[in-house]
Amino acid sequence: EGTQAVPVAQRSSWTSFLKAIASVSGDLSSLTAPPFILSPVSLTEFPAYWCERPELFAAIADATTQEQRAIAVLKWFISTLKGQYTSRNESMGSEKKPLNPALGELFYGHWPDKNGRGKTDLLVEQVSHHPPITAYVIENKSKGLKLVGHNAQKTSFSGGSIIVKQIGHAVLTVNLPSGPEKYLLTLPRLRIDGLWYGSPYIELSESSHIVGGGYVGVIEYKGKGYFTGKSHSFKATLTPQHDADESEIVVEGLWHQSSKFVSGGHGAFHDVSAPKEEVTAVGGEPTGQMGGMETRKLWELVSRGIREGDFELASREKSRIENEMRQRRKDEAAGGTSWPLKHFTPLASDPLYEELAYLAKIVPPTEDTYIFQENWPVTLRAGP
Ligand code: CLR
């Protein structure tokens, strides 16, 4: 009769959770959810989705013309969407509620060098707890590629679904012999459906942008029944900014499967049937160990509890961490200090965002940013 995905013993707590979602708007992260919907993974691990196909990221640097580069950036971007938005359904049966990171939580990792693609490093820091904001850097030094971004979410409830507006953006820098080329990436809107049945899943909507390197790119997202009548449809259009001789590039398809060129190219565009590569987590301490604020150390027992169905352990450990953090904030307030971020400095506006957002008429015209402090990976031990 509907809620079959919800364990019988958790049905009333699931309905209370849904009611709470419907009445709390803005930030769902602190709502208590029933055990069956908890994920053992912290949101600080999510930026790794940007690079689960490291060779596609590296390929951006190997492109030889602006047009080829714009296509390589789009191909990499589209290929990340399946992991970003459907992987919890594949690994855990439905979308789940991730662990809400602590202020200053850190996650380090890398994808090893293979077939000449170079090593790619990942660094993530939770730069705000209330509201939750996650900042990250993904860098392939040998290819001269660096992605720096941050993201936050504003949620609302509408027609039985959660609407998630993503706040934040990322800047991809490609170091060319002629100087750095920069691309601004914005993020799609999410709708979380299937809540009533206890099996949430994400559909993307509206649009996101990739602006830079002489192109303005718009990616439009549609669910069932628009361009192709299928879930997870998209249409991307890259419009050349200056050169009237260059043609528009249009791609259409399903972001979780494959897509093809409609114009500006021929045949297949992207295909995510090839296996992805999860990031290898590494310790960020000078000793190579994980420090107490590193995600997999901090949440170790909570994650184990959730994975092994020991929810008593999970909730006891979660409370312990939360109390510790609350105490830390109280001590800071009493001492007139604040938590020092390790890798980022907040800035109320981003001139590059403003310049590129203006080109594509992106709303809002300005956004906060987190400047990455270049003291990394000096503090990291070299991985394999
Ligand atoms: C985080 C940034 C990533 C893409 C991404 C994917 C899934 C999103 C997540 C972001 C933010 C938190 C999120 C999650 C899906 C569900 C979860 C919106 C945008 C919310 C907080 C949990 C809702 C609870 C129901 C699933 C019951 O690049």
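Everything here concerns the structure above.
Because the structure is predicted, anything quoted here is derived from the model rather than measured. (Residues numbered from 1 in each chain as written. Predicted model: local features only at pLDDT ≥ 70, side-chain atom pairs only at ≥ 80, totals over all residues. Heavy atoms only, no water.)

Student: Describe the overall build of the chain, with residues and values.
Tutor: Helix and strand content of the chain: seven helices and 18 strands. Radius of gyration (C-alpha) of the chain: 21 Å, near the 21 Å computed for a compact globule of 384 residues. Overall size of the chain, expressed as C-alpha extent along the three principal axes, is 65 × 55 × 40 Å. Put simply, 56% of the contacts in the chain that link residues at least 6 apart link residues at least 24 apart. Approximately 17,700 Å² of the chain is accessible, and the part contributed by carbon and sulfur atoms is 53%. (Helix = DSSP H or I, 4+ residues; strand = E, 2+ residues; numbered from the N terminus. Rg over C-alpha atoms; globule rule 2.2 N^0.38 Å. Contact = heavy atoms within 4.5 Å. Areas by Shrake-Rupley, 256 points an atom, 1.4 Å probe, with all protein chains shown as cover.)

Student: A description of the site of the ligand should follow, citing residues and the corresponding values.
Tutor: Near the ligand lie 18 residues; those nearest to it are Q84, R88, N151, Q153 and Q166. Residue Q84 places a side-chain N or O atom 2.6 Å away from an oxygen atom belonging to the ligand. Calculation on the ligand without its partners gives an accessible area of 600 Å², and the protein chains cover 96% of this total. Counting only elements with at least two residues in the shell around the ligand, the list comes to α1 (11-23), α3 (66-92), β6 (145-158) and β7 (161-176). Sorting elements by how many residues they give to the shell around the ligand places α3 first, with three residues. Here the shell around the ligand is composed, by residue class, of 11 nonpolar, four polar and three charged. (Near = heavy atom within 4 Å. Polar contact = N/O pair within 3.5 Å; in protein donor to acceptor, adjacent residues only side chain to side chain. Nonpolar A, V, L, I, M, F, W, Y, C, P; charged D, E, K, R; others polar.)

Student: Go over unusual backbone geometry with me, naming the residues and quoting the values.
Tutor: That bond from H130 to P131 is cis: its omega, 0°, falls within 30 degrees of zero. Topologically, P131 is positioned in the loop between β4 (120-128) and β5 (133-140). The omega torsion of the bond from V363 to P364 falls at 0°, within 30 degrees of zero and hence cis. Along the polypeptide, P364 turns up in the loop between α7 (351-359) and β18 (369-372). For E206, which is not glycine, the phi torsion reads 60° and is therefore positive. For E206, the position within the fold is in strand β10 (residues 201-212). Positive phi outside glycine occurs at K361, with the angle close to 55°. Structurally, K361 can be placed in the loop between α7 and β18.

Student: Explain the pattern of salt bridges to me, and be specific about the residues and the numbers.
Tutor: Taken as a whole, this structure holds 20 salt bridges when the rule is applied. Close ionic contact of E277 with R117 constitutes a salt bridge, the shortest N to O distance being 2.8 Å. Of this pair, E277 sits in the loop between β15 (268-271) and β16 (280-281) while R117 is found in the loop between β3 (106-111) and β4, placing the two residues 160 residues apart along the sequence. The class of E277 is partly exposed, set by a relative accessible area of 21%. On the basis of relative accessible area, R117 is assigned to the buried category, the value being 6%. (Salt bridge = Lys/Arg side-chain N within 4 Å of Asp/Glu carboxyl O. Buried < 20%, exposed > 50% of the residue type's maximum accessible area, 1.4 Å probe, protein only.)

Student: Can you break down the packing of helix α5 (residues 300-308) against helix α6 (residues 311-335) residue by residue, with the values?
Tutor: Where α5 meets α6, the axes come as close as 7 Å, and the angle between the chain directions of the two elements is 155°. One finds that α5 runs roughly antiparallel with respect to α6. Seen along the crossing, α5 lies across α6 with a hand that is left-handed. Two secondary-structure elements touch here, α5 through L301, V302, G305 and I306 and α6 through F311, L313, A314, E317, K318 and I321. Residue composition of the contact of α5 with α6, grouped by class: seven nonpolar, one polar and two charged. (Axes fitted to C-alpha atoms, helices over the stretch in contact; angles between N-to-C directions. Parallel < 35°, antiparallel > 145°, perpendicular 65-115°, else oblique. Left-handed = near helix turned anticlockwise from the far one by under 90°.)

Student: Kindly report on the environment of I371, identifying the contributing residues and their values.
Tutor: Following the sequence through the fold, I371 ends up in strand β18. Take I371: its relative accessible area is 37%, and that puts it in the partly exposed class. Counting along the chain gives 24 residues from I371 to L347, while the straight-line C-alpha distance between them is 7.0 Å. Contacts of I371, omitting those with residues within four sequence positions, involve H343, F344, T345 and L347.

Student: Lay out α7 with the relevant residues and their values.
Tutor: Within the span of α7, buried status applies to Y353, L356 and A357. On an axial view of α7, the arc spanned by its buried residues comes to 105°, and they lie on one face. For α7, exposure combined with an orientation more than 90 degrees from the buried face picks out P351, E355 and Y358. Taken together, the buried residues of α7 touch β7, β8 (179-185) and β10. (Arc of directions from axis to C-beta.)

Student: Can you tell me about α1, naming the residues and giving the values?
Tutor: Taking 1.5 Å of rise per residue, the 13 residues of α1 would be expected to cover 18 Å, and the 19 Å separating its terminal C-alpha atoms lies within 8% of that figure. Taken residue by residue, α1 has W14, F17, L18 and I21 as its buried positions. One side of α1 holds all its buried residues, which, seen down the axis, span an arc of 100°. Set apart from the buried face of α1 by more than 90 degrees, the exposed residues are S12, K19 and S23. (Expected span 1.5 Å × (residues − 1).)

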